[in-house]
Amino acid sequence: MALTTIGHGQNLDGLVNLDFAFRLSPLFTTTVRYNPRITADATQNRLFISCSILPSLMNKTPYFTSSPPSAAKFCTLQNSFQPSFVAKGDYVIGGIFPLHYNQEMPDLNCTYRALPVKCNGFDPRAFRWAQTMRLAVEEINQSADLLPNYTLGYKIFDSCAYPLTGQRAALAVLNGLSEDDSPMCQGASPLLAVVGESGSAQSIVVSRILQPFRIPMISYFSSCACLTDRREYPTFFRVIPNDDYQVKAIAQLLVRFKWTWVGLVRGDHEYGRFAVQGLLRELQDTKVCVAYQEMIPLLYNRQRALEIMEVMRFSSAKVVVVFSAEGEMTPFLRDYMTQNITGIQWVASEAWVTASVFTGSEFYPYLGGTIGFGIRKGHISRLSLYLQTVNPQMYPNNTLFPPCSGQESLLEQHSAYMNTSSPRVAYNVYKAVYAVAHSLHNLLLCKPGTGPFRNNSCAQNNNIYPWQLQYYLQEVKFNMAEEEVNFDLKGDSIPYYDILNWQRGTGGNIEFVNVGLFDGTKPAGEELLIQEDRIMWAGHQMSVCSASCLPGSRKAVRRGEPVCCFDCVPCDSGKISNQTNSIECSLCPEDFWSNNDRAACIPKEVEFLAYDSLGISLTVIAVVGACLTIAVFAVFFYHRNTVIVRVNNSELSFFILFALTLCFLCSLLFIGEPTFLSCMLRHTAFSITFSLCISCILGKTLVVLAAFTATRPGDNIMKWLGPKQQRAIIFMSTLIQVVICAAWLIDAPPSPSPNTQYERSKIILECSVGSSIAFWCVLGYIGLQACLCFVLAFLARTLPGNFNEAKFITFSMLIFCAVWLAFIPAYISSPGNYADAVESFAILASSFGLLFCLFAPKCYIILLKPEKNTKQHLMGKEKK
């Protein structure tokens, strides 16, 4: 803290006046006039430091210049602020406690001297803290081991739980043991340390006032993380954990119970501001969002409080985290109860989680189930008996004691004062006093030549400066009730919290039940220990902006809203989410697909032309066609000696019927799961059998054409188309196809291939042709044979004869070519099993076309018109 000189030294009536300004809080700037004796006029924000501390400043502090000794005789009080409790001793420590929790501000119109701030609302709990300090001092003074032959004194003031009145108490405690002390300014500061304050805002003010005099203070209840800054607060220590640990604990609590949508309410002070900042920082990497942030005014305003309550009433966040002191929470919660708002799960900070003012049965319907982190409780064996010894007769002029008859029961009328079953803040006060005593004890044990100060010197026992005590306070380490007490380099103590749950007691009142522990010394992630089965909830165990997205869906954040507010979008086909609240859906592996719930990847259905309805239909048709062909073969074989069979070249007819039977049967290779062997046989068997069939038809066409064109006797054209030549033509034509197929199988044979591109949800198992060139060469060769046969048959269609077979060959080739020309686009556009079905259907359709066109007329004559099965009829010479 830098001190800035406002004015300059002026010698007025023998007095040296120096004005200094330094910031005591963000709310105001305080002027310190270096004038005789400390005077605290808090209502006008002008504070006067007395000359009684001048020697301390001259000798040991670099902040002020010296003042003429003659100024000491003019020391006079300009105001008076009596302590609540005072006791003399060899060494004096100060104590500042919020003995009242409300204030009544005077009229500040600057036309007359304002009245002092009036403190209202006596706090028996804080009064117990003050008595704990007195008990600790008495125990130390009676101890033979700690500070033997020396005594501690104290001077305890009331801060009224407000920074401005806390400032008044801090300045008053600096004036010495009493206002009647000698005005001569000499020696070290009469005050070695201060135990205080409760609220962080008050501690900031007190610490800044004490800094110029390098007086250490130990807070028992100020947890603001801002106080760890050694540059701003070099003399500050505390026996309560830093709020950084508390906000870390609260963040872990919210995550533990999956409260992802919470409200934040804080007090209008540094404690609340830094705590909320710390919590927001801790929540950055979690899934917890803040629905709203509200602030309770430092000077309570009911209208503003009601506005906060309306936000709480209509918000979907049913968990509210509150960083506030008991002082502002008391009127706030009383107004909250009048609004009949229930179902809120309160998460309390340590500043009010153990507030006895809220333990009445009337608070239970609204605050029952509250959970929070409280200061670790301790044990003070003599505290209960000591509190019962305090009575108004011992302090007849002390306004803190109300009139009484002496017959009242403290346990009944002042339960908050007498509640010593689990001292927490009181135990911190106890530790703070003992920390000062142990530090002072270690200082007094210093031997000349081994000290920590310049030239290895020690402090003078009769002239100890506060900054010398601070050195030993920083290094102090002692055990108290199995707990080690020490301070780190920032003045913080070991972080422990009890997790408290507000539950209904046997008498209907609220009891603070310990349900867990936060141990800041444990590794990250292991600090929080909770017995969930012991917790009583307020009614809402869930607080979310949006319901969790179940497996099979993903979160889609709403534009302009916190990330905790989202919509659940079902995963696309082929994607899954197998966790709740997935950010995105995962793509299934190539051979897997999402199930109907989009929650798991299952193996894709493998599809091929199976023996289902389509496969069975094609099988039946193929078998029927083969049977019909065999039946025709039987008819022709049985009637092989008849004219119609012999005239139409029975040998070639039998070859054609054999090839057609194979054509019908080869279509069966396209039905069933494709294998390496079936894939090779499909196209090769189909192409060779059809090539054989068309070759036979081609041979027959040539014979017909030659027979009817040989018009001259002795024409030898038929000798070139005898049975051997016909067989040679069939063999050579078929051999070419066999060679093409052999080359195909050697170079790139067809093989089973899974097709995952056409339909992503299935694997279509099909036969890859291997070589597209070979495939189209095979089909092209069959087409070439069919076209040649069609042309030759077309040329012979007008030749004479009742049974000119060229007409039927022409028609059969026309059907054959039409089927296969339609096949090409249908095959290309049909995937997988449909492509196989198309090819199988084309084989069957063309086979039936050939069978019926070539053999149906002959079978008709053979079976139904045997009278026409004569040479005369065929030659057209039948008698009329």
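You'll find the structure just up there.
Residues numbered from 1 in each chain as written. Predicted model: local features only at pLDDT ≥ 70, side-chain atom pairs only at ≥ 80, totals over all residues. Heavy atoms only, no water.

A. How the structure looks around the nonpolar core. The biggest cluster of nonpolar side chains holds 67 residues, and the ones touching the most others in it are I697, M813, F816, W820 and F855. Those elements that provide at least two residues to this core are α15 (613-638), α16 (643-647), α17 (650-666), α18 (676-709), α19 (723-747), α20 (772-795), α21 (806-829) and α22 (832-863). Counting residues per element, this core draws most heavily on α22, at 14 residues. Those residues in contact with I697, other than ones at most four positions away along the chain, are I656, C789, I809, M813, L850 and L854. Residues L99, Y220, L383 and Y430 belong to the second largest nonpolar core, which totals 63 residues. (Core = buried A, V, L, I, M, F, W, Y, C linked by side-chain atoms within 4.5 Å. Buried < 20%, exposed > 50% of the residue type's maximum accessible area, 1.4 Å probe, protein only. Helix = DSSP H or I, 4+ residues; strand = E, 2+ residues; numbered from the N terminus. Contact = heavy atoms within 4.5 Å.)

B. View of the pairing of strand β21 (residues 483-486). For strand β20 (residues 477-480) and β21, the ladder comprises four bridges, and the chain directions are antiparallel. Within the sheet, the bridge partner assigned to M480 lies in β21 and is E483. (Pairing = 2+ DSSP bridges.)

C. Representation of the pattern of salt bridges. Applying the stated criterion across every chain, the model contains 19 salt bridges. Close ionic contact of E651 with R727 constitutes a salt bridge, the shortest N to O distance being 2.6 Å. Note that E651 is positioned in helix α17 and R727 in helix α19, a separation of 76 residues in sequence. For R727, a relative accessible area of 39% translates into the label partly exposed. The network of salt bridges with shared partners includes E294, R304 and E307. (Salt bridge = Lys/Arg side-chain N within 4 Å of Asp/Glu carboxyl O.)

D. Spotlight on empty space enclosed by the protein. Tallied over the full model, the rule gives three cavities of 30 Å³ or more. V239, K431, E483, S493 and I494 are the residues nearest the centre of the largest cavity, which is lined by 13 residues in total. Of all the secondary structure elements, the ones that give two or more residues to the lining of the largest cavity are α13 (425-444) and β21. Counting residues per element, the lining of the largest cavity draws most heavily on β21, at four residues. (1 Å grid on protein atoms, 1.4 Å probe; cavity = no way out; pocket = protein on both sides within 12 Å on 5 of 7 lines; lining within 4 Å. Points joined across faces, edges and corners; volume = space filled by probe spheres on them.)

E. Spatial organisation of the sheet that holds strand β15 (residues 261-267). The eight strands are arranged β16-β15-β17-β18-β19-β22-β23-β24 in an open sheet whose pairing can be described as mixed. A strand with exactly one partner marks an edge of an open sheet, and here the two such strands are β16 (289-296) and β24 (528-530). Across the sheet, the mean angle from the axis of one strand to that of its neighbour is 30°, orientation sign disregarded. One ladder, built from two bridges, connects strand β18 (residues 345-348) with strand β19 (residues 371-375); its direction is parallel. Across the sheet, the residue bridging to A348 is G372, located in β19. Along the sheet, helix α5 (residues 243-256) contacts β15, β17 (319-323), β18, β19, β22 (496-504), β23 (510-519) and β24; its crossing angle with β17, the most-contacted strand, is approximately 175°. Along the sheet face, helix α7 (residues 302-314) touches β15, β16, β17 and β18 and points at about 165° away from the line of β16. (Axes fitted to C-alpha atoms, helices over the stretch in contact; angles between N-to-C directions.)

F. Spatial organisation of the environment of D145. Structurally, D145 can be placed in the loop between α2 (124-142) and β11 (152-158). Overall, D145 belongs to the exposed group, its relative accessible area being 66%. The sequence separation of D145 and H441 amounts to 296 residues, and the corresponding C-alpha distance is 9.3 Å.

G. Inspection of the environment of Q202 at higher detail. Structurally, Q202 is set in helix α4 (residues 200-210). A residue is classified by how much of its surface remains accessible, and Q202, at 7% relative accessible area, is buried. Here the alpha-carbon distance between Q202 and T165, two residues 37 residues apart in the chain, equals 8.5 Å. Among residues more than four places away in sequence, those in contact with Q202 are A161, Y162, P163 and E197.

H. Structural view of the state of the cysteines. Under the definition given, this model contains nine disulfides. Across the disulfide, C289 is cross-linked to C564 (sulfur-sulfur distance 2.0 Å). Judged by the sign of its S-S torsion, about 85°, the bond between C289 and C564 is right-handed. Here C289 is found in strand β16, whereas its partner C564 is found in the loop between β25 (553-557) and β26 (566-570), with 275 residues between them in sequence. Each member of the pair, C289 together with C564, is buried. Free of any disulfide, C787 has its nearest neighbouring cysteine sulfur in C817, separated by 4.7 Å. When its relative accessible area of 41% is taken as the criterion, C787 is described as partly exposed. (Disulfide = S-S within 2.5 Å.)

This is a description of form; function is not addressed.
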